[in-house]
Amino acid sequence: MPVIAMPARKCGKSFSHAEQFEIGLLNALFNAGHPMSVSDLETKLRCTRRDLFRAITAQYRLGNVRKGQPVELTNSGYIAVAAGRYAGAVAVAA
């Protein structure tokens, strides 16, 4: 089965630069399975500290991450990422 490689989209529009960092932040924390330091996230996402802090703050306001040192996913953030991945897999399979 061929792998579908498409840019992330929502409602027919591409995600913004900031939204891609937020998605990358959630995915990095989900894949790691443990809290990560800011410097580790900065290295993993290959972004500036300013962009990283904006992404952390935006996801903190939504209740998906706990700010501080280290940064970690909340239970609702973990469920949101898992649900998004499951929905994506079901959509590709259909």
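Residues numbered from 1 in each chain as written. Predicted model: local features only at pLDDT ≥ 70, side-chain atom pairs only at ≥ 80, totals over all residues. Heavy atoms only, no water.

A.B. asks: Sorry, what's going on with the packing of helix α2 (residues 38-45) against helix α3 (residues 49-62) here?
C.D. replies: The description of two packed helices rests on the angle between their axes and on the distance between the axes. Two numbers describe how α2 lies on α3: the axes approach to 10 Å, and their chain directions differ by 110°. Comparing their axes, α3 and α2 come out roughly perpendicular. For the pair α2 and α3, the contacting residues are V38, S39, L41, E42 and L45 in the first and R49, L52 and F53 in the second. Partitioning the contact of α2 with α3 into residue classes produces five nonpolar, one polar and two charged. (Axes fitted to C-alpha atoms, helices over the stretch in contact; angles between N-to-C directions. Helix = DSSP H or I, 4+ residues; strand = E, 2+ residues; numbered from the N terminus. Parallel < 35°, antiparallel > 145°, perpendicular 65-115°, else oblique. Contact = heavy atoms within 4.5 Å. Nonpolar A, V, L, I, M, F, W, Y, C, P; charged D, E, K, R; others polar.)

A.B. asks: For this particular structure, what's the right way to read the side chain of E22?
C.D. replies: Secondary-structure assignment places E22 in helix α1 (residues 17-32). It is R61 that comes nearest to the buried, bridge-free E22 among opposite-charge side chains, at 8.3 Å. Side chain to side chain, E22 and Q59 meet in a polar contact 2.9 Å long. (Buried < 20%, exposed > 50% of the residue type's maximum accessible area, 1.4 Å probe, protein only. Lys, Arg positive; Asp, Glu negative; His and termini not counted. Salt bridge = Lys/Arg side-chain N within 4 Å of Asp/Glu carboxyl O. Polar contact = N/O pair within 3.5 Å; in protein donor to acceptor, adjacent residues only side chain to side chain.)

A.B. asks: It is not clear to me how the nonpolar core should be interpreted in this structure. Could you clarify?
C.D. replies: Grouped burial of nonpolar side chains is what soluble globular proteins tend to show. Counting 18 residues, the largest nonpolar core has L25, L29, L41, L52, V65 and V71 as its most contacted members. Broken down by secondary-structure element, the contributors of at least two residues to this core are α1, α2 and α3. Here this core takes six residues from α1, the largest share from any one element. (Core = buried A, V, L, I, M, F, W, Y, C linked by side-chain atoms within 4.5 Å.)

A.B. asks: Just to check I follow, could you spell out α1 for this structure?
C.D. replies: Along an α-helix, residues three or four apart share an orientation, since each turn contains 3.6 residues. Its 16 residues place the ends of α1 23 Å apart at the C-alpha level, agreeing with the 22 Å of an ideal helix rising 1.5 Å per residue. Remark: G33 follows α1 within two positions and exhibits a positive phi of approximately 80°. (Expected span 1.5 Å × (residues − 1).)

A.B. asks: Is there a simple way to think about the side chain of N64 in this case?
C.D. replies: For N64, the position within the fold is in the loop between α3 and β3 (65-66). A distance of 2.6 Å separates a polar atom in the side chain of N64 from a polar atom in the side chain of Q59. Ignoring any residue separated from it by four or fewer positions in sequence, one finds N64 in contact with L26, Q59, E72, L73, T74, S76 and G77.

A.B. asks: I keep staring at the packing of aromatic side chains and nothing clicks. Help me out?
C.D. replies: How two aromatic rings sit relative to each other is set out by the distance from centre to centre and by the angle between their planes. Following the criterion strictly, the structure yields one aromatic pair and no others. In this structure, K67 packs its charged tip against the face of Y60, placed 4.9 Å from the ring centre. (Phe/Tyr/Trp six-rings, centres within 6.5 Å; stacked < 30°, edge-to-face > 60°. Lys NZ or Arg CZ within 6 Å of the ring centre and 35° of its normal.)

A.B. asks: Just checking my understanding: could you explain the pattern of salt bridges for this structure?
C.D. replies: Opposite charge on two side chains permits them to pair, given that their charged atoms come into close proximity. Under the defined criterion, the tally for this structure stands at two salt bridges. The shortest N-O distance in the salt bridge between R49 and E42 comes to 2.8 Å. Between R66 and E72 there is a salt bridge, with its nearest N and O atoms 3.8 Å apart. What makes R66 partly exposed here is its relative accessible area of 40%.

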